[in-house]
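Structure assessment
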Amino acid sequence: MSSIRNIFRRQWSSNARLDGKTVIITGANTGIGKETAKDLAKRGARIIMACRDMERAESAQKEVVEDSKNQNIVVRKLDLADTKSIRDFAEVINKEEEQVNILINNAGIMMCPFSKTVDGFEMQFGVNHLGHFLLTHLLFDLIKKSAPARIINLSSMAHAWGTIKLDDINSEKGYSDKKAYGQSKLANILCTRSLAQRLQGTGVTVYAVHPGVVQTELWRHLSAPLKATFAVMKPFTKTSVQGAQTSIYCAVAPELENETGQYYSDCAQANPSTAAKDDVMAQKLWELSCQMLGITWD
């Protein structure tokens, strides 16, 4: 089975170092996030694992330290479904860290039953988009001060399933777990484009990533028929290590130094859906996101 996977997936390889750099990875205690942490730790970076479940985070921290032989790995509490938790996390980072060279907005939730965040946002849009949008905003000045710096937003090919419903952003008029997930992943790409424009000339670049169809805990909410479908596809899906490669590539590849605002898959620039290239919608979404979060971000 693994041999079938490996026919299609080359592991990206580079000896680029990150000594003296600080990296924040959300959702770093499992799956793609943990594998990304391991790789970047081996390159010498200080890794801040931003996680909701501290017990699991501390267990993952030990694993990353053992695997990388890098002691400079810390865990910090972050619940992206609660804006107070996001603000508390950012306050600690802004106070304690001298720099943030790489921010990887990796955490996510996929196709869950309808529920809301602490602040009343639809859960998938709230966690996958608004939580990371607020986090990036709150760390924005520190990231710019740390330039050259990079921001990586994990999206998905599932962005093609979604449309941005400005008049029903919280899916209250009708909920489809698939469409709500697609909307949140489309929002990730649109905001990557908007952010890239706002960061022109600052030395900070931003990338949206499709990691591939990866066997991770994200699948836990899938219905029984969908789980059966994915079981059939399993030989053609990626491992977490393979799924992490494009995040790692966007975080460290020297050749991306002057690229920004683009979408990547399998360690190469890819073409997202037409809706993901709509800069008018991107601006409207940006304004709505700021309004929902009560922030001003010009």
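Note that this is a predicted model, so its numbers are computed, not measured.

Considering the overall build of the protein
Each helix and strand counted, the protein has nine helices and eight strands in total. Taken over 298 residues, the protein has a buried fraction of 56%. Within the protein, residue pairs in contact and separated by at least 24 positions form 77% of the contacts whose partners lie at least 6 positions apart. Surface accessibility of the protein: about 13100 Å² in total, with carbon and sulfur atoms responsible for 50%.

Observations regarding the layout of surface pockets
Vacant regions in the atomic arrangement are exposed by a probe of water-molecule size rolled over the atoms. Its volume calculated, the second largest pocket comes out at about 300 Å³. Lining the second largest pocket are 15 residues, and of these Lys 21, Pro 148, Arg 150, Ala 251 and Glu 257 lie nearest its centre. Counting only elements with at least two residues in the lining of the second largest pocket, the list comes to strand 5 (149-154) and helix 8 (240-252). Residue composition of the lining of the second largest pocket, grouped by class: eight nonpolar, three polar and four charged.

Description of the sheet that holds strand 7 (residues 262-265)
Taken in spatial order, the eight strands of this open sheet run 3-2-1-4-5-6-7-8, and their pairing is mixed. Each of the sheet's edge strands pairs with one partner strand only, and the pair in question is strand 3 (73-77) and strand 8 (268-270). Geometrically, the sheet is characterised by an average inter-axis angle of 25° between neighbouring strands, direction not taken into account. In this structure, strand 5 lies alongside strand 6 (residues 204-210), joined through six bridges in parallel fashion. From the neighbouring strand, Leu 154 faces strand 6, where its bridge partner is Val 209. Strand contacts of helix 3 (residues 54-68): strand 2 (46-51) and strand 3, with the helix running at about 170° to strand 3, the strand carrying the most contacts. The sheet strands contacting helix 4 (residues 83-96) are strand 1 (22-26), strand 2 and strand 3, and the helix crosses strand 3 at an angle near 145°.

Looking at the packing of aromatic side chains
Two aromatic rings, taken as a pair, are described by how far apart their centres are and by the angle between their planes. Scanning all chains against the criterion turns up eight aromatic pairs. A ring pair is formed by Phe 133 and Trp 297, whose centres lie 5.0 Å apart and whose planes are at 55°; its orientation type is tilted. Highlighted residues: Phe 133 in helix 5 (residues 123-145) and Trp 297 in the segment after helix 9 (279-293), separated in sequence by 164 residues. Within the aromatic cluster, the residues linked to one another by ring pairs are Phe 133, Phe 140, Trp 286 and Trp 297. Looking at Lys 178, its charged tip hangs above the ring of Trp 161, at a distance of 4.9 Å from the centre. Residue placement shows Arg 198 over the ring face of Trp 286; its charged tip is 3.9 Å from the ring centre.

Remarks on the side chain of Ser 289
In this structure, Ser 289 sits in helix 9. Polar side-chain contacts of Ser 289 include one of 2.8 Å to the side chain of His 129.

Considering the confidence of the model for the protein
Per-residue confidence for the protein averages 91 on the pLDDT scale, and 87% of its residues sit at or above 70. This model gives residues 1-9 a pLDDT under 50, and the stretch forms 16 contacts once residues within four places in sequence are excluded.

Some points on helix 6 (residues 177-198)
The end-to-end C-alpha distance of helix 6 is 32 Å, a good match for the 32 Å that 22 residues give at a rise of 1.5 Å each. Judged by how many residues are buried, helix 6 sits mostly within the fold: 16 of 22 residues are covered.

Let's talk about helix 8
Taking 1.5 Å as the rise per residue, helix 8 with 13 residues should run 18 Å; its terminal C-alpha atoms sit 18 Å apart, in good agreement. In helix 8, a bend of some 30° at Thr 246 exceeds every other bend along the element. In terms of burial, helix 8 is largely enclosed, as 12 of its 13 residues are buried. Listing the buried residues of helix 8 in full gives Ser 240, Gln 242, Gly 243, Ala 244, Gln 245, Thr 246, Ser 247, Ile 248, Tyr 249, Cys 250, Ala 251 and Val 252.

Quick word on empty space enclosed by the protein
Scanning the entire structure with this criterion turns up two cavities of 30 Å³ or more. Approximately 100 Å³ is the volume attributed to the largest cavity. If you go around the largest cavity, the residues you meet are Asn 105, Asn 128, His 129, His 132, Phe 133, Thr 136, Asn 153, Asn 188, Cys 191, Leu 195, Trp 286 and Trp 297. When residues of the lining of the largest cavity are traced back to their parent elements, those giving at least two are helix 5 and helix 6. Of the residues in the lining of the largest cavity, the class split is five nonpolar, seven polar and no charged.

Focus: the packing of helix 4 against helix 5
Two numbers describe how helix 4 lies on helix 5: the axes approach to 10 Å, and their chain directions differ by 20°. In this view, helix 4 runs roughly parallel relative to helix 5, as classed from their interaxial angle. With respect to the hand of their crossing, helix 4 and helix 5 are arranged in right-handed fashion. Residue-level inspection shows Thr 83, Ile 86, Arg 87, Phe 89, Ala 90, Ile 93 and Asn 94 of helix 4 in contact with helix 5, the latter providing Gly 131, Leu 134, Leu 135, Leu 138, Leu 139 and Leu 142. Residues of the contact of helix 4 with helix 5, tallied by class, amount to nine nonpolar, three polar and one charged.

The rules behind the values
Residues numbered from 1 in each chain as written. Predicted model: local features only at pLDDT ≥ 70, side-chain atom pairs only at ≥ 80, totals over all residues. Heavy atoms only, no water. Helix = DSSP H or I, 4+ residues; strand = E, 2+ residues; numbered from the N terminus. Buried < 20%, exposed > 50% of the residue type's maximum accessible area, 1.4 Å probe, protein only. Contact = heavy atoms within 4.5 Å. Areas by Shrake-Rupley, 256 points an atom, 1.4 Å probe, with all protein chains shown as cover. 1 Å grid on protein atoms, 1.4 Å probe; cavity = no way out; pocket = protein on both sides within 12 Å on 5 of 7 lines; lining within 4 Å. Points joined across faces, edges and corners; volume = space filled by probe spheres on them. Nonpolar A, V, L, I, M, F, W, Y, C, P; charged D, E, K, R; others polar. Pairing = 2+ DSSP bridges. Axes fitted to C-alpha atoms, helices over the stretch in contact; angles between N-to-C directions. Phe/Tyr/Trp six-rings, centres within 6.5 Å; stacked < 30°, edge-to-face > 60°. Lys NZ or Arg CZ within 6 Å of the ring centre and 35° of its normal. Polar contact = N/O pair within 3.5 Å; in protein donor to acceptor, adjacent residues only side chain to side chain. pLDDT = per-residue confidence, 0-100. Expected span 1.5 Å × (residues − 1). Bend = angle between axes of the 7 residues up to and from the residue. Parallel < 35°, antiparallel > 145°, perpendicular 65-115°, else oblique. Left-handed = near helix turned anticlockwise from the far one by under 90°.

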